[in-house]
Amino acid sequence: MKNYLFILVSLFFTASITAQTFYKDLERVDSFDKIEYPYSVSKQAIFNGMEIAYMDEGSGSETILFIHGLGSYAPAWKKNIEELKNSYRCIAIDLPGYGRSSKGEYEGSMTFFSKSVIAFMDSIGLNKVVLAGHSMGGQISIVTALSHPDRVSKLVLVAPAGIETFSEGEKEWFRDAITAKGVMLTPLDAIESNLGHNFYKMPDDAFFMVEDRYAMTGAGEDFLWYCYGITKSIQGMVNQPVIRDLSKIKQPTLIVMGAADQLIPNRYLHGGSSAKIAEHGGELIPNSQVEVIKKAGHFVMFEKADEVNQLIVNFLN
């Protein structure tokens, strides 16, 4: 592993020089803890020495626990917390390997992340929550609701992974196509382009995600573990499909998709309509409500925060 990290470090510096030539005003940080978050951040030990970083805002009779998607972090929910904290306790976590949480050689399976979520809930005394998951976070939320039905009162699935299905060949393509080296070497203009594909029209106030993604490239070994974690997370998603178990979900479920989602369904492998994916999920999950928002992409909860927040409020009430 040390040799592997050395190679990645060498390649990382090459990539950083390339990025710096395009965006001279951006700055890298030497620690993920120096990335700015919209609310105060606490850390909670769970198991095997891991710590979960989280933002905890608001109060109310119900607690919403927000789980981010692949390669993302807790601040992706900031527009939702800003409004929903007025009526609910809102907790947004960084999954292990992401954001300000611990980094390391984690397995990245959906079960691993689900166990981390439950361990986090135990550690801060949360008995039952509304789980709100975006993309990969939606798939983790589904796994958690199925494995711990007594700990999840309702599900909010925002552009969730796990409804679209992949053949064995397509799963192998995912495993081979996305590597830690490839993630690490992604130049900044490509990072901006990739993030842009998450939106119908990337808003100016979403650019902090590009800045933060660039900033974390200065975080040394932790950035390498972050890149490694993304590849393991992708393997975790394709290795643990949930489609066959959706009918077993007992919790009331809200499914929200952006009509212009460019990531689900996968535009390279399948193409097609995100609305059909959402409708298929609604057909499989009992007691579910499907909402498709126009002129919104994969980050629908950020791009159309007011609409999504109102849908969540109506659903929880």
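Refer to the structure above for everything that follows.
What counts, and where the lines are drawn
Residues numbered from 1 in each chain as written. Predicted model: local features only at pLDDT ≥ 70, side-chain atom pairs only at ≥ 80, totals over all residues. Heavy atoms only, no water. Helix = DSSP H or I, 4+ residues; strand = E, 2+ residues; numbered from the N terminus. Rg over C-alpha atoms; globule rule 2.2 N^0.38 Å. Buried < 20%, exposed > 50% of the residue type's maximum accessible area, 1.4 Å probe, protein only. Contact = heavy atoms within 4.5 Å. Areas by Shrake-Rupley, 256 points an atom, 1.4 Å probe, with all protein chains shown as cover. Pairing = 2+ DSSP bridges. Right-handed = clockwise from strand over helix to strand, strands pointing away. Phe/Tyr/Trp six-rings, centres within 6.5 Å; stacked < 30°, edge-to-face > 60°. Lys NZ or Arg CZ within 6 Å of the ring centre and 35° of its normal. Polar contact = N/O pair within 3.5 Å; in protein donor to acceptor, adjacent residues only side chain to side chain. Salt bridge = Lys/Arg side-chain N within 4 Å of Asp/Glu carboxyl O. Axes fitted to C-alpha atoms, helices over the stretch in contact; angles between N-to-C directions. Parallel < 35°, antiparallel > 145°, perpendicular 65-115°, else oblique. Nonpolar A, V, L, I, M, F, W, Y, C, P; charged D, E, K, R; others polar.

Student: Please explain the overall build of the protein chain as it appears in this structure.
Tutor: Along the protein chain, the regular secondary structure elements total 12 helices and eight strands. Here the C-alpha radius of gyration of the protein chain, 18 Å, is about what a compact globule of 317 residues would show, namely 20 Å. Taken along the three principal axes of its C-alpha coordinates, the protein chain extends 50 × 40 × 35 Å. Classification of the 317 residues of the protein chain by burial places 55% in the buried group. Long-range contacts, defined here as pairs at least 24 residues apart, represent 76% of the contacts in the protein chain between residues at least 6 apart. As displayed, the protein chain has an accessible area near 13,500 Å², and 48% of this comes from carbon and sulfur atoms.

Student: Quick question: what am I supposed to make of the pairing of strand S4 (residues 89-93) here?
Tutor: The side chains of a regular strand alternate between the sheet's two faces. The element S4 is extensively covered by neighbouring structure, given that four of its five residues are classed as buried. Bridge count between strand S2 (residues 51-57) and S4: four bridges; the pairing is antiparallel. Bridge pairing in S4 links glutamate 57 to cysteine 90. Two strands pair when backbone bridges link them, and strand S3 (residues 63-67) and S4 are joined in this way by five bridges, in the parallel orientation. In the strand pairing of S4, isoleucine 67 is matched with isoleucine 93. Handedness of the crossover joining S3 and S4 through helix H2 (residues 78-84): right-handed.

Student: Help me out: how do you make sense of unusual backbone geometry in this one?
Tutor: What is expected of a backbone is that most residues other than glycine have negative phi and most peptide bonds are trans. Residue proline 265 is bonded to the preceding isoleucine 264 through a cis peptide linkage, with omega at 0 degrees. Positionally, proline 265 belongs in the loop between strand S7 (253-258) and helix H10 (274-284). Here alanine 159, not a glycine, exhibits a phi torsion of approximately 45 degrees, which is positive.

Student: Would you mind showing me how to read the pairing of strand S8 (residues 288-293) here?
Tutor: Here S7 runs beside S8; their pairing, made up of six bridges, is parallel. Note on S8: the bridge partner recorded for leucine 254 is glutamine 289.

Student: Whenever I open this one, the environment of lysine 232 confuses me. Can you help?
Tutor: Looking at the element boundaries, lysine 232 is found in helix H9 (residues 221-239). C-alpha of lysine 232 to C-alpha of glycine 108: the two residues are 124 residues apart in sequence and 4.8 Å apart in space.

Student: It is not clear to me how the packing of aromatic side chains should be interpreted in this structure. Could you clarify?
Tutor: Describing an aromatic ring pair means giving the distance of the ring centres and the angle of the ring planes. Under the defined criterion, the tally for this structure stands at 16 aromatic pairs. Taking the centre distance of 6.5 Å and the plane angle of 55 degrees together, the rings of tyrosine 98 and phenylalanine 113 count as tilted. A residue pair is termed long-range when its members are at least 10 positions apart, and tyrosine 98 in the loop between S4 and helix H3 (110-123) and phenylalanine 113 in helix H3 qualify at 15 residues. Phenylalanine 113 carries the same exposure label as tyrosine 98, and that label is buried. The rings of Phe32, Phe47, Tyr98, Tyr106, Phe112, Phe113, Phe223 and Tyr226 are connected pair by pair, giving a single aromatic cluster. One cation-aromatic arrangement involves lysine 78 over phenylalanine 208; the distance from NZ or CZ to the ring centre is 4.1 Å. The lysine or arginine in question, lysine 79, covers the ring of phenylalanine 302, its NZ or CZ lying 4.2 Å from the ring centre.

Student: Can you help me understand the side chain of histidine 134 in this one?
Tutor: For histidine 134, the position within the fold is in strand S5 (residues 129-134). Of the residues examined, histidine 134 reaches a relative accessible area of 2% and is grouped as buried. A polar contact is formed between the side chain of histidine 134 and the backbone oxygen of histidine 298, at a distance of 2.9 Å. Excluding its chain neighbours within four sequence positions, the residues that come into contact with histidine 134 are Ile67, His68, Gly69, Trp77, Val158, Ala159, His298, Phe299 and Met301.

Student: How should I be thinking about the pattern of salt bridges in this particular structure?
Tutor: When the charged atoms of two side chains lie near each other, side chains of opposite charge can form a pair. Scanning all chains against the criterion turns up nine salt bridges. For aspartate 245, the salt bridge goes to lysine 248, with nearest N and O atoms at 3.1 Å. Overall, aspartate 245 belongs to the partly exposed group, its relative accessible area being 27%.

Student: Whenever I open this one, the packing of H3 against helix H4 (residues 136-147) confuses me. Can you help?
Tutor: Packed helix pairs are characterised by how far apart their axes lie and by the angle those axes make with each other. Where H3 meets H4, the axes come as close as 9 Å, and the angle between the chain directions of the two elements is 70 degrees. In terms of their interaxial angle, H3 and H4 are classed as roughly perpendicular. Where H3 approaches H4, its residues Met110, Thr111, Phe113, Ser114, Val117 and Ile118 are matched on the opposing element by Met136, Gln139, Ile140, Val143, Thr144 and Ser147. Tallied by class, the residues present in the contact of H3 with H4 amount to seven nonpolar, five polar and no charged.

Student: Could you clarify how one ought to interpret the sheet that holds S7 in this entry?
Tutor: For sheets, the rule is that strands pair by backbone hydrogen bonds, running either parallel or antiparallel. The strand order S1-S2-S4-S3-S5-S6-S7-S8 describes an open sheet built from eight strands, whose pairing is mixed. Each of the sheet's edge strands pairs with one partner strand only, and the pair in question is strand S1 (42-45) and S8. Averaged over all adjacent pairs, the angle separating strand axes in this sheet is 25 degrees, with direction ignored. By the bridge criterion, four bridges tie strand S6 (residues 152-158) to S7 in an arrangement that is parallel. Across the sheet, the residue bridging to leucine 155 is threonine 253, located in S7.

Honestly, that's just the spatial picture; any functional story needs more than this.
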